[in-house]
Amino acid sequence: MSNTASTVANPSSIDLDTLNGLFESQTPLKVIEWAVAEFGDELVMTSSFGDQAAVLLHMASRAKPDIKVIFVDTGYLFPETHHFMETLRRRLNLNIWAYRTRHEPIAWLRENGESDPTWRANVSACCAANKNEPMERGMRDLAPKAWLRGIRRGQSESRKNAKFIEWSPRYGCYAVSPLLTLASRDIWLYAKEHDLPQHPLVEKGYLSIGCNPTSCTQPVQIGEDARAGRWKGTGKLECGINSLDSAGL
Ligand code: SF4
């Protein structure tokens, strides 16, 4: 983690247990509309502009057309992801706030003993410097009261117990996760119904798309979880930006 993260106690009287119970039977759009009504301009969202990004971006921009979209640019993203971002920016008229790594990507590799640009030996150090630091900077800069994110329970073990709204002491705001109960097929059907564009790497077997070193993103084989291609063989499941507290980063 970056050592700039602060820890903030939940200041609000929002009844999380009651809301989370109610949201279990609501559509994602209803959850988003509640968040827009509750937090207004102090609601932001994050997007990786990965394989399933178009769905939450479409829903959120319908409910709040000017919502600020935080995009973390690690310096190691696929060119296709930048292209996909521009496609969606034009299509949905998105208000994107890009937070880039402070490091020059090639120099960072050299200075940190990473001799192969297609493979990261120390993913924790790289994620801390190039992914978590820009994310924390963006959240400090925009200081939202709540943040929409696109995680789903079915994506991985690390997400199966997530709730619709949770307090994040790390970011000092609420994390709202409207898509939690959707299956991959629901995402696909929504994208089809609304004629949303698809990330160009999906047709090549990438079902969860992060950074481009092979250590960090690989195509998924038949029968594997969608996120099985992320940091394959390392046991790592998350880059850390979705961690609500700073423990373990
Ligand atoms: S996902 Fe890989 S390349 Fe991207 S920041 Fe983390 S370790 Fe670095």
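A brief look at the structure comes next. (Residues numbered from 1 in each chain as written. Predicted model: local features only at pLDDT ≥ 70, side-chain atom pairs only at ≥ 80, totals over all residues. Heavy atoms only, no water.)

**Some words on the packing of helix α3 (residues 53-63) against helix α7 (residues 184-193)**
Each pair of packed helices can be described by the angle between their axes along with the distance between the axes.
So, step 1. Put simply, α3 and α7 touch, their axes get as near as 9 Å, and they point 60 degrees apart. In terms of orientation, α3 and α7 fall into the oblique class. Of the two possible hands of crossing, α3 and α7 adopt the one that is left-handed. Each of V55, H58, M59 and R62 in α3 lies in contact with α7, whose residues at this interface are I187, Y190 and A191.
So, step 2. Tallied by class, the residues present in the contact of α3 with α7 amount to 5 nonpolar, 1 polar and 1 charged. (Axes fitted to C-alpha atoms, helices over the stretch in contact; angles between N-to-C directions. Helix = DSSP H or I, 4+ residues; strand = E, 2+ residues; numbered from the N terminus. Parallel < 35°, antiparallel > 145°, perpendicular 65-115°, else oblique. Left-handed = near helix turned anticlockwise from the far one by under 90°. Contact = heavy atoms within 4.5 Å. Nonpolar A, V, L, I, M, F, W, Y, C, P; charged D, E, K, R; others polar.)

**Considerations on the sheet that holds strand β4 (residues 146-148)**
So, step 1. Ordered in space as β3-β2-β1-β4-β6-β5, the 6 strands form an open sheet in which the pairing is mixed. With partners counted over all chains shown, the strands left at the sheet margins are β3 (95-100) and β5 (165-168), one partner each. Across the sheet, the axes of successive neighbouring strands diverge by a mean angle of 30 degrees, strand direction being ignored.
So, step 2. With 4 bridges connecting them, β5 and strand β6 (residues 173-176) associate as antiparallel partners. (Pairing = 2+ DSSP bridges.)

**So, the site of the ligand**
So, step 1. Surrounding the ligand, one finds Y76, R120, V123, C126, C127, C211, P213, C216 and W231.
So, step 2. When its residues are assigned to classes, the shell around the ligand shows 8 nonpolar, no polar and 1 charged. (Near = heavy atom within 4 Å.)

**Things to note about the pairing of β3**
So, step 1. Strand direction decides the pairing type here: strand β2 (residues 68-73) and β3, joined by 6 bridges, are parallel. In the sheet register, D73 faces β3, and the bridge partner there is R100.
So, step 2. Handedness of the crossover joining β2 and β3 through helix α4 (residues 79-92): right-handed. (Right-handed = clockwise from strand over helix to strand, strands pointing away.)

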